[in-house]
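# Structural overview
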Amino acid sequence: MHLLRATLLVFVACSHDPGGSTETSGISADGVVPQDIADRYLARRVPVADEVVVVDVTGESRDRQLLATTLQGLLNREEARVYLIGSGFSEPEIDRAWIDRYQADGLVNVSLTLSLDRALEAHASEIPGYVLADPAEPWTIDAASTVVAATAGVVATPETEAALEALGVPMLDDLRGRWPDAATCFTDLVDTWQDRMPFAGLAMASTDKHQIRDWCVQQGILQLDARPGEPEYPTVYALLDRYPAGTTMYGYIADNGLQEATAMVALSGKSIVLVPSDTTNNLSFHSAIGADTPRVVPKPVDTAGFTCSADDVNVVLAVSDGDNLRLPLGVYEDEAWWAHPRRGELPLGWSMGAQVAVLMPAIWDHYARGADGGSQLVSMMGLGYTFPSQWSDASAFYVDAFRLDAALGLRVQWSLDLYLELAEAATWAPITASGEVAGSAPDGFLLNYATKLGGAPILPVPGDLVVLNSQQAVYEDDAAALRTQLEALADAPSRAPVTFFSVTVWSTSYEALLTEVLPLRERGVRFLTPSEGVACARALEGR
């Protein structure tokens, strides 16, 4: 959950034609992700197995979930053949819904469903051994998971060790008592394993959440854990200086808004890109489904004949937090949001990280096919969560972000770089220059969740860029609070040509928006998609 957000939205609207492609600002929107960009996110791309085994771990203890997810990552290293039900943050029904959809679409063949105990029995001969950790020394969880990610094996605890021994699975190492504290452990971990990991990035993996362990073990990702204010935080963040600019980090970095603000400024100063994924399960499986074909490109928002008037109260709404992989995996896939039967009736931007096209290809396709009319996909920060204005040189970040967005047909990008609200030439110049290098630039930007620095609704940035700065009062606002703000906007004697409001995904629902917000059309409020809002602002400001 993002409690600090500065949001910048850029949508590139293009249609997907299986027989061809659409030219988007010089780059073909053909759904083909450039390989060098895909390589930012993964060390290996595996095919789907001919037969898939589903393992139901619903209700299992945390220690057994740890064993299950590391087993899944091990078994999915060469083929995506194991899928877990009940290992995620969402209800098990969400896990079932995706595997059922994959099977209905002919993308997988599920051969059987097993319990964790039966799965261990069936695959014991494929487990080289286990590394023993102890939740009483929580740093050993990340350490053990890193060791098996670099080599091969599963992670056991005192609770699960006996079951593995009974199956003849040997102990590879016992990490208990090896380090006195987290800082010492993680320093040793980076010293020993950084150069030996298959994946060049890392994960900030909470030691009490195991959803992402399958991905870490499959891809070979080093795992640490530190939150601002914790004793190990200074040491761990000093270790991050050993990673080059542009490094990808999985997991998450905070438990509250203050920690998030502190950690994100620190990460951005180190030019590290975060992919929020600490509650994302089955990524070792989802990443393989549909990956052998180009991605679906969403139908473009047609602004060619679009007109707007300053007499209307022109408003853009967009749903927050789409950089978090949990949204497309679970939160959106509910009648509260994307699956609502009246979706599209209220025009809305839907934030989504473009990396979903790499990490969950078939899930990306699901949303891209449904994005039409009043539902527009918005690229959330391009490559991932960071404040590029704090990088020593963000040119490569912007160039690759614009290339990826253009290939996927996304014309609006949503950035959470708080410092861009200052609208200073120095912070915006790299964006303009990178668009020229990339051969594609955003049509416009959305900036911020809740306005932090009092920036104007349409920021006066250099050049021809249209930047819609969110006027949401506070991040926690629900639909009723949004209605109150829109009523005040409608009653104001003057207003900006277009006003953007972020809609916090955790605080409201599509049904609540229909009830509270849609009736404001009768008071002259005209709801626009992000691309329409950008076009309207450009027209009314005479750009």
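Owing to the predicted nature of the structure, the values given are computational and were not obtained by experimental measurement.

Rules and cut-offs
- Residues numbered from 1 in each chain as written.
- Predicted model: local features only at pLDDT ≥ 70, side-chain atom pairs only at ≥ 80, totals over all residues.
- Heavy atoms only, no water.
- 1 Å grid on protein atoms, 1.4 Å probe; cavity = no way out; pocket = protein on both sides within 12 Å on 5 of 7 lines; lining within 4 Å.
- Points joined across faces, edges and corners; volume = space filled by probe spheres on them.
- Helix = DSSP H or I, 4+ residues; strand = E, 2+ residues; numbered from the N terminus.
- Nonpolar A, V, L, I, M, F, W, Y, C, P; charged D, E, K, R; others polar.
- Axes fitted to C-alpha atoms, helices over the stretch in contact; angles between N-to-C directions.
- Parallel < 35°, antiparallel > 145°, perpendicular 65-115°, else oblique.
- Left-handed = near helix turned anticlockwise from the far one by under 90°.
- Contact = heavy atoms within 4.5 Å.
- Disulfide = S-S within 2.5 Å.
- Buried < 20%, exposed > 50% of the residue type's maximum accessible area, 1.4 Å probe, protein only.
- Core = buried A, V, L, I, M, F, W, Y, C linked by side-chain atoms within 4.5 Å.
- Pairing = 2+ DSSP bridges.
- Patch = residues over 30% accessible without salt bridge, like charges linked within 9 Å, V, L, I, M, F, W, Y side chains within 5 Å.
- Areas by Shrake-Rupley, 256 points an atom, 1.4 Å probe, with all protein chains shown as cover.
- Salt bridge = Lys/Arg side-chain N within 4 Å of Asp/Glu carboxyl O.
- Lys, Arg positive; Asp, Glu negative; His and termini not counted.
- Charge placed at Lys NZ, Arg CZ, Asp CG, Glu CD.
- Polar contact = N/O pair within 3.5 Å; in protein donor to acceptor, adjacent residues only side chain to side chain.

## Details of empty space enclosed by the protein
Counted by the stated rule, this structure contains five cavities of 30 Å³ or more. Looking at which element gives the most residues to the lining of the largest cavity, the answer is helix α12 (residues 326-331), with three residues. For the lining of the largest cavity, the class distribution of residues is three nonpolar, five polar and three charged. In this model, the second largest cavity occupies a volume close to 50 Å³. What lines the second largest cavity is Val55, Ala68, Leu71, Gln72, Leu75, Val82, Leu84, Leu116, Ala119 and His123. Within the residue set of the lining of the second largest cavity, elements represented by two or more residues are α2 (62-75), β5 (80-85) and α4 (116-123). Sorting elements by how many residues they give to the lining of the second largest cavity places α2 first, with four residues. When the residues that make up the lining of the second largest cavity are grouped by side-chain class, the tally is eight nonpolar, two polar and no charged.

## Description of the packing of α2 against α4
Running from N to C, α2 and α4 point in directions that differ by 40°, and their axes come no closer than 11 Å. Regarding the angle of α2 to α4, the classification is oblique. For α2 against α4, the interelement crossing comes out left-handed. Counting all contacts with α2, which are made through Arg64, Leu67, Ala68, Leu71 and Leu75, the residues of α4 involved are Leu116, Asp117, Leu120 and His123. Among the residues making up the contact of α2 with α4, the classes are represented as six nonpolar, one polar and two charged.

## Observations regarding the state of the cysteines
Counted under the stated rule, the structure contains one disulfide. Between the sulfur atoms of Cys308 and its disulfide partner Cys536 the distance amounts to 2.2 Å. Here the S-S torsion is close to 105°, and the disulfide linking Cys308 with Cys536 is therefore right-handed. Of the two residues, Cys308 sits in the loop between α11 (283-286) and β14 (313-319) while Cys536 sits in helix α19 (residues 530-540), which places them 228 residues apart along the sequence. The exposure class assigned to Cys308 is buried, which follows from its relative accessible area of 18%. Cys185 forms no disulfide, and the closest cysteine sulfur to it belongs to Cys216, at a distance of 15 Å. Overall, the relative accessible area of 0% leaves Cys185 in the buried class.

## Side note on the nonpolar core
Counting residues in hydrophobic clusters, the biggest one holds 96 residues, and the most contacted among them are Tyr250, Leu317, Tyr332, Trp337 and Leu377. Ignoring anything within four residues of it in the chain, the contact list for Trp337 reads Val319, Val331, Tyr332, Arg343, Leu348, Trp350, Val503, Val505, Thr508, Ser509, Tyr510 and Leu513. Of all hydrophobic cores here, the second largest spans 88 residues; its members include Ala68, Leu114, Ala150 and Tyr233.

## Remarks on the sheet that holds strand β6 (residues 110-115)
In spatial order, the strands read β5-β4-β6; together these three strands make up an open sheet with parallel pairing. Taken across any chain shown, the strands that pair with only one partner, and hence form the sheet edges, are β5 and β6. Across the sheet, the axes of successive neighbouring strands diverge by a mean angle of 25°, strand direction being ignored. Where strand β4 (residues 48-56) meets β6, five bridges bridge the pair, whose relative direction is parallel. Its bridge partner lying in β6, Val53 is registered against Leu112. Where helix α3 (residues 92-104) meets the sheet, its contacts fall on β4, β5 and β6, and the angle it forms with β5 comes to roughly 145°.

## Looking at a negative patch on the surface
Together, Asp50, Glu51, Glu78 and Glu79 line one region of the surface with negative charge. Its place among the elements puts Glu51 in strand β4.

## Quick word on the side chain of Ser470
On the secondary structure map, Ser470 appears in the loop between β19 (467-469) and α17 (479-491). Within the structure, the side chain of Ser470 is placed 2.2 Å from the backbone oxygen of Tyr449, a separation counted as a polar contact. Polar contacts involving the side chain of Ser470 include one to the main-chain amide nitrogen of Ser502, which spans 3.2 Å. With residues near it in sequence (within four places) discarded, Ser470 still touches Leu447, Asn448, Tyr449, Ala450, Thr451, Phe500, Phe501 and Ser502.

## A look at the pattern of salt bridges
Applying the stated criterion to the full structure yields 26 salt bridges. The partner of Arg403 in a salt bridge is Asp36, with the nearest N and O atoms 3.0 Å apart. Taken together, the residues Arg403 in helix α15 (residues 395-407) and Asp36 in helix α1 (residues 35-38) connect sequence positions 367 residues apart. Residue Arg411 is joined to Asp443 by a salt bridge in which the shortest nitrogen-to-oxygen separation is 3.0 Å. Taken together, the positions of Arg411 in the loop between α15 and β17 (412-415) and Asp443 in the loop between α16 (425-438) and β18 (444-447) put the pair 32 residues apart, joining distant regions of the chain. Looking at Arg411, the relative accessible area reads 4%, which means it is buried. A relative accessible area of 31% places Asp443 in the partly exposed class. What you see here is one network of salt bridges that share partners, running through Arg483, Glu487, Asp491, Glu516 and Arg523.

## Focus: the sheet that holds strand β7 (residues 130-132)
Read across the open sheet, the three strands follow the order β8-β7-β9; overall the sheet is parallel. Pairing within the sheet leaves two strands with one partner each, and these edge strands are β8 (154-156) and β9 (171-174). Taking each pair of neighbouring strands and ignoring which way they run, the sheet shows an average axis angle of 30°. Packed on one face of the sheet, helix α5 (residues 139-150) meets β7 and β8 and runs near 155° to β8.

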